[in-house]
Amino acid sequence: MSRVTKAVVSVVLVTLWSVTGISAEESALGNLIDFSRVLGLYYGDPEPELLEAYDYIVVGAGPAGSVVANRLTEDPEVTVLLLEIGKAEIPLIQQVPGLFVTQALTDYNFGYLTERQRKACLGLVDQRCAWHQGRGLGGSTIINDMLYTRGNRREFDYWNVTGNPGWSYEEVLPYFLKSEDAKIKDFGSNGYHNKGGFLPVEDATYRSPLVKALIKSAEKVGLPYVDYNAYEQTGSSYAQFTLRKGRRMSAGAAFLQPISERKNLHILTRAWVSKVLFEGNSAEGVTYMRNKKTYHTKAKREVILSGGTFGSAKLLMLSGVGPQDHLGELGIKVVRNLPVGETLYDHPAVLGPVFTASNLNDGNENSNAFFSLPNLMQYLQGQGPMSSALAEGFAFFRSPFALYPDPNWPDVELLQLFINPGDDATPAAMKYFRINNETMEKYFKPLYNKRAFMFLSVLLHSTTKGSLRLKSTNPFDHPEFRYQYFDDDRDLEALVYAMKTAVKITSQKPFRDLGVKLYQNKLPGCKHLTFNSHEYWRCHAMTLTYVGYHFVGTCKMGPRSDRTAVVDHRLRVHGLRKLRVADVGIIPEAPSGHTQAYAYMIGEKAADMIKQDNYGQRWR
């Protein structure tokens, strides 16, 4: 297939793929026709060769589960069954970085929604934010924005001293490095990056003039140019991505595709695990459904849950591991009374502030210009705007409302995007963010033919805590979420501080040279307030609420003495044998970075702990 033909096919498929729909329940063509059977990455069909028992059963092929399956099968004598609810990705479509918005409109996304919000999401449909969570071989790395941020060294030291030995920064850093095949121009040789791993971590091949202005302007307000994935996080930097030469590299493509010929690894897609099977206090296997049939498979050594913050917690409770009062209400026999789902954190965020750039003529004023044939041809060379994930640069800093006293521990971030939702001529961006008609038409659409961009203002250390429960005993039902953004007003105030800092940064000369000005069209619902006032920005945050999709805590890691903990420091479920959780649900507090990088690290560390616990010194 020629490059031009590939470009044309990509455009046609993307248009058909997500012309309608927001979740698996709606009618996007990508949900009605399974393109993955023809165009998806191929992992073989192990069904005729399935075993009655495997050494390990891994549930969930997100970043952590993919790493665990990869590392355990390095030993050819070890057998692993990897069970994934979703299907294989389609590289022709899903490797285009800027199309992550359309991927979330397909059945590669669970399509979760928050409960109706009281103080947030007021400009969104039904006052409910989208909670995107990926499903498929790669999990959320199929639909995310590919940003790679490891957080802050201080949080890992905090985990370590609060009852989780082995999780200090010094001890987790080697696991971040183990995965990496890094190509970072300015910081690649600083000792905090590695080459030769399965996971590419690279600079974007395209950088707009806006992100270059961000770095220069942030330095002028005291935020130095740093590698935020190194020793210190405070400052500004170009974003680092899980890309390879301008194309998405999901967990499946990075960790599973290269080893798909291993005979000791069986990968089953469209396999919905409904229950962990116990004999007394020992996990002995799982029940799963596939092609309208039910299967029971035994695990000789361990069952490892890597279903993500929502999936692992839900499966534990369906299996009888969770709060006994809640399980009793649903008639589920209690295997172990543990606080599964009772801790849930996310990163609250805001779409904005928004700016125009009158002196910037880079041809990216809207989606029609962005998806031009010249840009498509550049993309096929791994270059140009379409090789960008739309987000370009970070600024990390501390607000007056920071939870931790260390002055070098940032609690907020600004993420600069070189576009805004009004640029999109299709419904995709509107549905991705769930922006309601009034907000889109009156606030964003006037920018369609103007060069405009925006920041995502993100709070890292949220004080708001929620929970997750089962809606029913039906394994196909979504969980019930109890989470109210800005339940603690400090979260809202910290985001207002972040937005004001964005205004300060963009008032510097590098941005002024591009004709950058604050967009002063008032948001619907905030028109009664003085523009650019403190109260206006509070209203803006409550109206255009965004979320980080960085959900953690439902299977919280902590010592047995911690009544909120579900797993111990070796990720073993308290009081049970042969059962671990290895995904970001074990993270104890709202993290200092985006959760993708954490998931890879957790998978690497979990695999080593599993080998050590099962094989002793032989694992080395």
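Counting restarts for each chain: residues are numbered from 1 in the order of the written sequence. Local features in a predicted model are, by the rule used here, given only for residues with pLDDT of at least 70; side-chain atom pairs are given and counted only at 80 or more, and totals for whole chains, interfaces and linings are based on all residues. Remark: hydrogens and water are excluded; side-chain values derive from all non-hydrogen atoms of the structure.

A.B. asks: Please explain the packing of aromatic side chains as it appears in this structure.
C.D. replies: The geometry of two aromatic rings is summed up by the distance between their centres and the angle between their planes. The pairing test for Phe, Tyr and Trp rings, Trp by its six-membered ring, is centres within 6.5 Å, and the orientation test on the planes gives stacked under 30 degrees, edge-to-face over 60, and tilted for anything in between. Throughout the structure, instances matching the rule amount to 43 aromatic pairs. Seen in terms of ring centroids, Trp131 and Phe551 are 4.6 Å apart; in terms of plane orientation they differ by 45°. Their pairing is tilted. Taken together, the positions of Trp131 in strand β4 (residues 130–131) and Phe551 in the loop between β24 (545–547) and β25 (579–581) put the pair 420 residues apart, joining distant regions of the chain. Across the pair, exposure class does not vary: Trp131 and Phe551 are buried alike. When the ring of Phe453 is compared with that of Phe455, the centres are 6.2 Å apart and the planes differ by 65°; the resulting orientation is edge-to-face. Take Phe453: its relative accessible area is 0%, and that puts it in the buried class. Taken together, Phe110, Tyr112, Trp131, Phe310, Phe481, Tyr483, Tyr485 and Phe551 form an aromatic cluster joined through their ring pairs. We call a charge positioned above a ring when the Lys NZ or Arg CZ atom is no farther than 6 Å from the ring centre and deviates by at most 35 degrees from the ring normal. Over the ring of Tyr231 we find Arg153; its NZ or CZ atom is 3.7 Å from the centre of that ring. Here Arg207 stacks its cationic end above the ring of Tyr238, 3.7 Å away from the centre of that ring. The helix count covers DSSP runs of H or I at least four residues long, the strand count covers runs of E at least two residues long, and both are numbered beginning at the N terminus. Note on exposure labels: buried denotes an accessible area under 20% of the residue type's maximum, exposed denotes more than 50%, and partly exposed covers the range between, all computed with a 1.4 Å probe on protein chains only.

A.B. asks: How should the side chain of His540 be read in this particular structure?
C.D. replies: For His540, the location among the structural elements is in helix α19 (residues 534–543). Apart from residues no more than four positions distant in its own chain, His540 is found in contact with Val350, Leu351, Gly352, Tyr443, Met499, Leu523 and Cys526. The criterion used for residue contact is that any of the two residues' heavy atoms lie within 4.5 Å.

A.B. asks: Would you take a moment to explain the sheet that holds strand β5 (residues 180–183) for this structure?
C.D. replies: Note: two strands are recorded as paired if DSSP finds a minimum of 2 bridges between them. Overall, mixed pairing links the three strands, which are arranged β5-β6-β8 in an open sheet. Across the chains shown, the open sheet's two edge strands, defined by having one partner strand only, are β5 and β8 (240–241). Here two bridges tie strand β6 (residues 199–203) to β8, and the two strands are oriented antiparallel to one another. The residue of β8 that forms the bridge with Asp203 is Gln240. Axis angles are defined between N-to-C directions and span 0 to 180 degrees, where every axis is a line fitted to C-alpha atoms and, for a helix, only to the segment in contact. In this fold helix α8 (residues 169–179) packs onto β5 and β6, with an angle of close to 75° to the strand it touches most, β5.

A.B. asks: I would appreciate a short explanation of helix α16 (residues 437–444) in the present structure.
C.D. replies: One turn of the α-helix equals 3.6 residues, which is why residues spaced by three or four share an orientation. Three or more residues of α16 are buried, namely Thr439, Met440, Tyr443 and Phe444. All buried residues of α16 lie within an arc of 105° about the axis, which places them on one face of the element. Within α16, the exposed residues directed more than 90 degrees away from the buried face are Asn437 and Glu441. Where α16 is buried, its residues meet β17 (348–357), α15 (428–433) and α19. An arc is given here, and it is the one of the directions from the helix axis to the C-beta atoms.

A.B. asks: Before we go on, may I ask you to explain helix α20 (residues 595–615) in this structure?
C.D. replies: One less than the number of residues in a helix, times 1.5 Å, gives the span that helix is expected to have. For α20, spanning 21 residues, the distance from its first C-alpha to its last is 30 Å, which sits close to the expected 30 Å at 1.5 Å a residue. Among the 21 residues that make up α20, 19 are buried, leaving the element largely enclosed by the rest of the structure. The positive-phi residue at the C-terminal boundary of α20 is Gly616, with phi of around 60°.

A.B. asks: Would you explain the packing of helix α7 (residues 153–161) against α8 in this entry?
C.D. replies: When two helices pack together, their arrangement is given by the angle between their axes and by how far apart the axes lie. Direction vectors running N to C along α7 and α8 enclose 120°, while the axes themselves pass 8 Å from each other. Relative to α8, the element α7 is oriented oblique. Facing α7, whose interface residues are Arg153, Phe156, Asp157 and Asn160, α8 presents Tyr169, Glu171, Val172 and Phe176. Grouping the amino acids of the contact of α7 with α8 by side-chain chemistry returns four nonpolar, one polar and three charged. Here the word oblique covers every angle except those under 35 degrees (roughly parallel), over 145 (roughly antiparallel) and from 65 to 115 (roughly perpendicular). Classification convention: Asp, Glu, Lys, Arg as charged; Ala, Val, Leu, Ile, Met, Phe, Trp, Tyr, Cys, Pro as nonpolar; all other residues, Gly among them, as polar.

A.B. asks: Sorry, what's going on with the nonpolar core here?
C.D. replies: Side chains that are nonpolar tend, in soluble globular proteins, to be buried together. The criterion is simple. A nonpolar core is a set of buried Ala, Val, Leu, Ile, Met, Phe, Trp, Tyr and Cys residues joined through side-chain atoms within 4.5 Å. Among the nonpolar cores identified, the biggest contains 197 residues, and Leu83, Trp131, Trp167, Leu305, Leu316, Leu571 and Leu579 are the most heavily contacted of them. Among the elements that take part in this core, α20 stands out by supplying 10 residues, more than any other. Leaving out residues up to four positions away in the same chain, Trp131 has contacts with Tyr112, Leu113, Thr114, Phe310, Leu344, Asp346, Phe481, Tyr483, Tyr485, Val547, Tyr549 and Phe551. The next biggest cluster of nonpolar side chains, apart from the first, holds five residues, and it includes Ile93, Tyr108, Ile142 and Ile143.

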